[in-house]
Each structure stands twice: as C-alpha cells, then as structure tokens.
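# Summary of the model geometry
What follows is each chain in one-letter form.
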Amino acid sequence: MHWPQPATPARGVVQMRREFWTNNRKFVVENSSHRPVGRGELFDIFTDLTNVETATHMLGRRGTRAPDAAQTRWLYFAFRFLRDNKAQLVGVNLNQALASLFKVVCRGQIRARAVDLTSELNFGREVLRIIGYRRTYLAGRLAAPKNPSALEQFFERDDKLPPQTSLDLDESLLRGQLETDIVALMKAHDPGGFASIRLRRDPLGTAKAVHRFARKHFRPYIAAIETLPVTISAPLTDRVSLLEDEFTDDRRVALLANRAEHLDLLTAAHYNSNRQRDEQVLEEILRDVLKRRKDVEDLVDRHLRVTPRAGHTQKFVKLQRDFQRDKAHTEKQARANAQWQRVGSISHELMHFYCHHDFEKKSGSVKFGQVITEGFTELLGLELYDALRQQVINNTDTDLIKGLRAGAAADEFKQAANDASRQSYVKALNRAREIQTRVGKPNVWAAYFLGKPQLIGLA
Ligand SMILES: [Zn+2]
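Rules and cut-offs
Residues numbered from 1 in each chain as written. Predicted model: local features only at pLDDT ≥ 70, side-chain atom pairs only at ≥ 80, totals over all residues. Helix = DSSP H or I, 4+ residues; strand = E, 2+ residues; numbered from the N terminus. Buried ≥ 20, exposed ≤ 12 C-beta atoms within 10 Å, placed from the backbone. Contact = placed C-beta atoms within 7 Å. Pairing = 2+ DSSP bridges. Domains from an automatic or database assignment. pLDDT = per-residue confidence, 0-100. Core = buried A, V, L, I, M, F, W, Y, C linked by C-beta atoms within 7 Å. Axes fitted to C-alpha atoms, helices over the stretch in contact; angles between N-to-C directions. Parallel < 35°, antiparallel > 145°, perpendicular 65-115°, else oblique. Nonpolar A, V, L, I, M, F, W, Y, C, P; charged D, E, K, R; others polar.

With that settled, the discussion passes to the overall build of the protein. When its secondary structure is counted, the protein shows 21 helices and seven strands. Each of the three principal axes of the protein carries a C-alpha extent, and together these read 90 × 60 × 50 Å. Expressed as a percentage of the 459 residues in the protein, the buried residues total 34%. Within the protein, contacts between residues separated by at least 24 positions form 78% of all contacts whose residues are at least 6 apart in sequence.

Okay, the pairing of strand β1 (residues 18-22) next. Side-chain direction in a regular strand flips from residue to residue, so the side chains alternate between the two faces of the sheet. Bridge count between β1 and strand β2 (residues 25-29): five bridges; the pairing is antiparallel. Pairing of Arg18 across the sheet is with Val29, part of β2.

A word on the environment of Leu173. Looking at the element boundaries, Leu173 is found in helix α8 (residues 171-188). Placed 65 residues apart in sequence, Leu173 and Asp238 show a C-alpha to C-alpha distance of 45 Å. Sequence-distant contacts of Leu173, defined by excluding residues within four places in its chain, comprise Ala268 and Ala269.

The next thing to look at is the environment of Val317. Tracing the backbone shows Val317 in strand β6 (residues 316-319). Sequence-wise, Val317 and His348 are 31 residues apart; in three dimensions their C-alpha atoms are separated by 9.9 Å. Contact partners of Val317, with chain neighbours within four places excluded, come to Arg239, Val240, Ala310, Glu349, Leu350 and Phe353.

On to the domain arrangement of the protein, then. In many reports, interface size means the accessible area that the parts give up when they come together. According to the domain assignment, the protein contains domain 1 (18-131) and domain 2 (152-456). Measuring from the centre of the C-alpha atoms in domain 1 to the corresponding centre in domain 2 gives 40 Å.

Averaged over every residue, the pLDDT of the protein is 86; the share at 70 or more is 91%. Below a pLDDT of 50 lies the segment residues 1-6, which in the model reaches zero contacts outside its immediate sequence neighbourhood of four places, other chains included.

The next point concerns the nonpolar core. In terms of nonpolar packing, the biggest core is built from 93 residues, with Leu75, Ala78, Leu101, Tyr221, Ala446, Tyr448 and Phe449 touching the most fellow members. Built from parts of two domains, this core gets at least three residues from each of domain 1 (18-131) and domain 2 (152-456). Ignoring anything within four residues of it in the chain, the contact list for Tyr221 reads Leu138, Trp445, Ala446, Phe449 and Leu450. Among the nonpolar cores identified, the runner-up in size contains 14 residues, and Leu256, Ala260, Ala269 and Val296 belong to it.

Moving on to the packing of helix α11 (residues 249-260) against helix α14 (residues 294-305). With their axes 10 Å apart at the nearest point, α11 and α14 run at an angle of 80° to one another. Taken together, the axis directions place α11 and α14 in an arrangement best described as roughly perpendicular. On α14, the residues touching Arg251, Arg252, Leu255 and Leu256 of α11 are Glu297, Val300, His303 and Leu304. Each residue belonging to the contact of α11 with α14 can be placed in one class, and the counts come to four nonpolar, one polar and three charged.

Between Arg219 and the following residue, Pro220, the backbone shows a cis peptide bond with an omega angle of 0°. Its identity is not glycine, yet Asn24 carries a phi of approximately 65°, on the positive side. In this fold, Asn24 is placed in the loop between β1 and β2. Its identity as a non-glycine residue notwithstanding, Asn395 has a phi of 55°, on the positive side.

This is the structure in structure tokens:
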C-alpha cells in the first residue's frame, strides 16, 4: 500500500502557550499545533464548551453553515481560546459567543490582520472583539441598583394591570372628530408661522466633528460597541444625509399618526395601538384627509421639513435644512444660531444611532416608553451638546470648532454658544434625569450604549 506524501510535510507539534494582556487581564493563546483540523476536532471542542445537542445543531448535517478548511481551523483555535480562558471570560454568554464566532468566521468577516492565527495578539484580540468581551467587561464593573423598585415611579411601570382598554374602538367618533383635532394640533405648531433660515452647507462635516467628539466624551462605551458585528460600523458618510425635499404619503401619514397619539380624542375613542385594526382605521382616516385637502398636505410637509429623524434599526440620520429664526437677529447671528440648532439635532440623532438594541427594546416594558426611546436619548444628546458648547466657549480645540462652525461667523458662533438650548421631550427628559441622579452617569451610559438596562433598574 502506498500513501501519498502530504504537500507540506507536517512539522513537529510545538506546544507553546503565549500570553497577552487586555483590560488588566491575562489571556493565553495556544495556536501552534500543525496538525490538520477537521470537522471532528471542531465538533469535540464545541461539545466541550456547550453540549452535544448544540454542537450537532450547529455543525451536524443540518447545520446552518459550512466552514471551509481554513475557517474550520480558525474556529477550532478560537474555541480553544475560549476554553483556555474561561476564568477570564466570566459573564460572557458562551453560547452566544460561539454563535457569533461561527457566524462571523463563516461569512469571512474576520479582520484581515487577524486571519493569520499564528499572530497571537491579533488573533486573540479578534476573538475578543467578535464575542463582545469589552462590553461585558465594562458593564461587569458596574453594579445594578440595589433597590430597583424605588426607580419604578420614574419609568411609570405598570406590570400588574395592563392599561390597554378592552373596549372596542369607537370608530364613528374617530371618523367624525379626528380631522378637526389633528389639523388644529398641527396648525398650533405650524413652522410656517415662524421666521426661518436655511443652511446651505451639507451637515456631514458638522456630523463628523460631533461624532469624533462624542466618541471621546463617552469613552470607553461607544468604542466598546462600534466594532461589534452586531452594530453598524459603516462610515458616517453613508449614514448621515439631509431630509428629502419631497415626502411620500406614507411619511405624512406616519407623522400624523405619531402626533395623533397626543390627542385626548384617541383615549376617548378607546384607541389601542396594540390592535392592528385600530391602527388601520386611524391610517385610513388620515390618508383620506391628505387626499382631499392640499392645505393639510402642505402643513404636514412644513412640519416634516423641520423634523430630523433617525432610523432605529437601519441606523441612519436625516437632518433638516431649515431652522427657526429670531427676527431680532442679524443675518450672521441667525446663521450662527441655526448652526447651533443643527449641532443640537445631530447630537440627539447620533445618540439614537449608538443606542443599543437591547436598551431600545425595553420601551415596550414600561408604561411611559418615551422615557426609554427619547428621554435618555435627549439626556445624552444634551450632555454632548453642553460639552460641545463649553469647548467653543473655552476655545480649547480649534479643529473641533472649525468643524462645528461650518461657515458660520466665528464671533457670532461663539457668542451663540452661551445661550443655545433645546426644548425637546421635556417630560421624558426629566424622568431620565431623575434616574441618572439616582444611579449615576456610568450606569446610564453603560445601560444605553452597551445594552444593559438592568444597570438602571430595568431587569
Ligand atoms: Zn429622537
């Protein structure tokens, strides 16, 4: 019998354990075996870390992904890395870590510098990055509030009694009254009634300046998640743009439906947003109003033009061009002031961009969900905004100021920094602020950016 010679003769197995430090902890990397690694070896180590069922599910014949030879080898050593460093990885959910590794490696998304697994530092750090180790580590240093029930009033939690009405929607009341009420509400805040000023310059430069500063200001929390495969790490260029000029009826209806939630009429008509049928009726009425009345369409468009928005799941930021103008201002003052309004919008919307999904989804479990979605966003946005104003007032960082200013006159811009302010989501903001007073900033930041709501008492 004749065995073909292997293409590269197997070198002797060298047992080497190498070490590296990160976040004050020592990790060992053992990756020097030259033995070939097959599916069997991968299966064994997988079973070691979880159990036969999970291993079979992931790697068996019906397994969802099929790593090639190089990927199998990388995964094998990554799994061994987890096993060898189990003590340092306390708090990391191993099942999730394995699933993340499996997904990222099979998709070919390992960073180029870490593909060669004999470079132990790059390899080890890449494994830690993929499993989100830093997020766990940072959150693990903070303690959850000891008495979360003391925080309940600030969330207006109402777990015991579902507040949703069981009465049917009073459709005729809604059909008879909604048009009058919603049009009155929109007219009361008609931006057409304000003097306005348009900023011609693209907001991207300003957004980049705010973003760079935010990463520094909220260090290390934003940095801990932005490289995770679960979050969006695409460049800001692809994520920040101006609002569209023309709006679709879908956008108009969405804005009207959102504002309609503030009307007493909806409560009176037993409207329940958890019932699909109710939403359909509401939309249908609003659509019909828009179809019949050009004046309402124009009114809604005026609102849309000054309402920036952020996409929660797709992570984008759309910003307005037009800003409110104080008639007493000179042209230069008005531009400087509008530029500060823009910086304020960016500060708020960028926080949405970085809000962790596990935090956002808690809005459904508290009665006043706006504390979660907008209250904390405004709180952190203001934190950022105030820090930026301070930078400009103190004249500390000329590059930053240049980026923020974006063409506004230097003196007027600095002058306007003193009295720039925002008045958004005040009720939700105050609730969020109360919580921050009780649990402290680090807990709020970690809860929001790292997706650890238990740190502000939301288990
Ligand atoms: Zn918002």
